[in-house]
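# Coordinate inspection notes
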Amino acid sequence: MPEAVIVSAARSPIGRAFKGSLKDLRPDDIASTIIQAALAKVPELDPRDIDDLMLGVGLPGGEQGNNLGRIVAVEMGMDFLPGCTVTRYCSSSLQTSRMALHAIKAGEGDVFISAGVEMVSRFVKGNSDSLPDTHNPLFADAEARTAEVAQQEGTTWHDPREDGLLPDPYIAMGQTAENLARLKGVSRQEMDEFGVRSQNLAEKAIKDGFWEREITPVTLPDGTVVSQDDGPRAGVTLEGVQGLKPVFRPDGLVTAANCCPLNDGAAALVIMSDTKARELGLTPLARIVSTGVSGLSPEIMGLGPVEASRQALKRAGLSVSDVDLWEINEAFAAQVIPSYQDLGIDLDRLNVNGGAIAVGHPFGMTGARITGTLINSLQWHDKQFGVETMCVGGGQGMAMVIERLS
């Protein structure tokens, strides 16, 4: 059976939404730029040998609507290349890598582009009166309960299914973080410390030249070249963030310093069978060993990485201690902390160059971005096995085990 190997990775800088460096770029344009950058790293590959372009988009609609994957293929001048658009929210471009793995294992293709994009700055604009309500009224009681809990002080999450009620599948991610912090006893102090850790590690990694290794500069419509992430901040201290007010609840624990911001960006991977890589004389960057996906209550979706990682490790025949480096997407410190603790991960193996709290989390981009970062980190630290995992809106988790090959 063929193995799925990653032969190329590229990503854009990550911009802050609405006021950041990439706000004037269309999602299809930046996706095209980054996919072409990934392909340029594999000049031996004939584009006509690519079986499919699979593009992850967390929230399709507006400029990110239609079948963006196919639009991007045509924009690149590759109308011969099929394209699809996939959403699994925060793990959309990890899902596309999983699809490439499955297709290669099944013998239904040799070369795939797994990419992701999210341009929050370009979302459909409007107020609540001008945009249609797409929520199923079946969940009206669940949404009302979420709104009520958000205004109650010191409320600990209670599983609504125990009372015969439905969970809220439309719940805002910040509310899930507040639920999880209270359920697992995560303190504001712990969350702030983790947020500061992310910023400080990212600052050090920038100074060391780590992040520039994986970033493809992009050119804006006015000719400006952007080559760095907007998010990382220098000199962040615990004392400096402790006075910030909560974002989602009056008595909340989640602040702008211990969760990710809203972002723009794109990332791409070229994934092929090991037989095709040998045929082209390529040395792969990494092998995709296994993946996992899990489901749980939408209201505590932040624990999704736990079961998904256990699945992926079991399929890989590995234990937590066998993994050299872990990347858990930092949507919220409130979910990373209980996830890594429940899994028994050593903190010195986790997000060692900072994570999304500092760097950012463009939803559809994140899966492919973290894969590239994990490969970069395994090379940087001369390690072998890595796991990337993340919580997913709606109550899911995804994980992927990779083995560095070069």
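In short, a report on the structure. This is a predicted model, so every value here is computed, not measured.

Below, the discussion takes up the overall build of the protein. Scanning the protein for helices and strands turns up twelve helices and twelve strands. Relative to the globule expectation of 22 Å for 406 residues, the C-alpha radius of gyration of the protein, 20 Å, shows essentially globular dimensions. With respect to the principal axes defined by its C-alpha atoms, the protein has extents near 60 × 50 × 45 Å. Here the protein holds 406 residues, and 59% of them are scored as buried. Pairs at least 24 apart in sequence give 81% of the contacts found in the protein among residues at least 6 apart.

Burial within strand β11 (residues 385-392) is extensive, with eight of its eight residues counted as buried. Where burial is concerned, the two faces of β11 agree: the one with Phe385, Val387, Thr389 and Cys391 and the one with Gly386, Glu388, Met390 and Val392 are both buried. For strand β10 (residues 325-328) and β11, the ladder comprises four bridges, and the chain directions are parallel. Following the sheet pairing, Glu327 is matched in β11 by Glu388. Relative to strand β12 (residues 396-404), β11 runs antiparallel, the two being bridged by eight bridges.

Let us look at the packing of aromatic side chains. Taken as a whole and judged by the stated rule, the model has four aromatic pairs. When the ring of Phe210 is compared with that of Trp211, the centres are 5.1 Å apart and the planes differ by 85°; the resulting orientation is edge-to-face. Relative accessible area serves as the criterion here: at 0%, Phe210 is assigned to the buried category. Ring centres of Phe210 and Trp380 lie 5.6 Å apart, and the angle between their planes is 90°; this geometry places the pair in the edge-to-face category. Remark: Trp380 occurs in helix α12 (residues 363-380) and Phe210 occurs in the loop between α6 (188-208) and β6 (218-219); sequence separation between them is 170 residues. Stacked on the ring of Phe80, the Lys or Arg Arg48 has its end atom at 4.2 Å from the ring centre.

Our next topic: the pattern of salt bridges. One pass over the full model with this rule turns up 21 salt bridges. In this structure, the salt-bridge partner of Glu203 is Lys207, at a minimum N-O distance of 3.3 Å. Residue Glu203 and its partner Lys207 are located together in helix α6, separated by four residues, close to a single helical turn. A residue is classified by how much of its surface remains accessible, and Glu203, at 18% relative accessible area, is buried. One salt bridge in this structure joins Glu279 and Lys276, with 3.2 Å as the shortest N-O distance. Within this pair, Glu279 and its partner Lys276 are both found in helix α8 (residues 274-280), separated by three residues, close to a single helical turn. The exposure class of Lys276 is buried, given its relative accessible area of 9%. Linked through salt bridges whose partners overlap, the residues forming this network are Glu3, Lys105, Arg287 and Glu403.

Relative to the elements of secondary structure, Ser97 occurs in helix α3 (residues 92-105). Accessibility expressed as a relative area gives 0% for Ser97, which makes it buried. A distance of 2.8 Å separates a polar atom in the side chain of Ser97 from a polar atom in the side chain of Ser114. When neighbours within four sequence positions are excluded, Ser97 is seen to be in contact with Ser114, Leu269, Ile271, Ile288 and Met400.

A general tendency of soluble globular proteins is for nonpolar side chains to be buried together. Counting 39 residues, the largest nonpolar core has Ile35, Leu45, Leu53, Leu55, Val117 and Met272 as its most contacted members. Those elements that place two or more of their residues in this core are β1 (4-11), α1 (27-40), β3 (52-57), α2 (68-75), β5 (111-119), β8 (263-273) and α8. With 38 residues, the next largest nonpolar core counts Leu253, Cys259, Leu313 and Phe385 among its residues.

Now for the packing of α3 against α12. At a minimum axis separation of 5 Å, α3 and α12 run at an interaxial angle of 50°. By the angle between their directions, the pair α3 and α12 is classed as oblique. Two secondary-structure elements touch here, α3 through Ser92, Ser93 and Leu94 and α12 through Gly364, Met365, Thr366, Gly367 and Ala368.

Moving on, we get to unusual backbone geometry. With a phi angle near 55°, Asn66 is a residue other than glycine that sits in the positive phi range. Structurally, the position occupied by Asn66 is in the loop between β3 and α2. The phi dihedral of Asp382 falls on the positive side, at around 55°, and the residue is not glycine. Along the chain, Asp382 turns up in the loop between α12 and β11.

Further remarks concern helix α4 (residues 140-150). Buried residues of α4: Ala142, Arg145, Thr146, Val149 and Ala150, and no others. Each buried residue of α4 sits inside an arc of 135° when the element is viewed along its axis, so together they form one side. Contacts made by the buried residues of α4 are with α5 (173-184).

Cut-offs and rules
- Residues numbered from 1 in each chain as written.
- Predicted model: local features only at pLDDT ≥ 70, side-chain atom pairs only at ≥ 80, totals over all residues.
- Heavy atoms only, no water.
- Helix = DSSP H or I, 4+ residues; strand = E, 2+ residues; numbered from the N terminus.
- Rg over C-alpha atoms; globule rule 2.2 N^0.38 Å.
- Buried < 20%, exposed > 50% of the residue type's maximum accessible area, 1.4 Å probe, protein only.
- Contact = heavy atoms within 4.5 Å.
- Pairing = 2+ DSSP bridges.
- Phe/Tyr/Trp six-rings, centres within 6.5 Å; stacked < 30°, edge-to-face > 60°.
- Lys NZ or Arg CZ within 6 Å of the ring centre and 35° of its normal.
- Salt bridge = Lys/Arg side-chain N within 4 Å of Asp/Glu carboxyl O.
- Polar contact = N/O pair within 3.5 Å; in protein donor to acceptor, adjacent residues only side chain to side chain.
- Core = buried A, V, L, I, M, F, W, Y, C linked by side-chain atoms within 4.5 Å.
- Axes fitted to C-alpha atoms, helices over the stretch in contact; angles between N-to-C directions.
- Parallel < 35°, antiparallel > 145°, perpendicular 65-115°, else oblique.
- Arc of directions from axis to C-beta.

Note that every value here comes from positions in space, so none of it alone points to a role or purpose.
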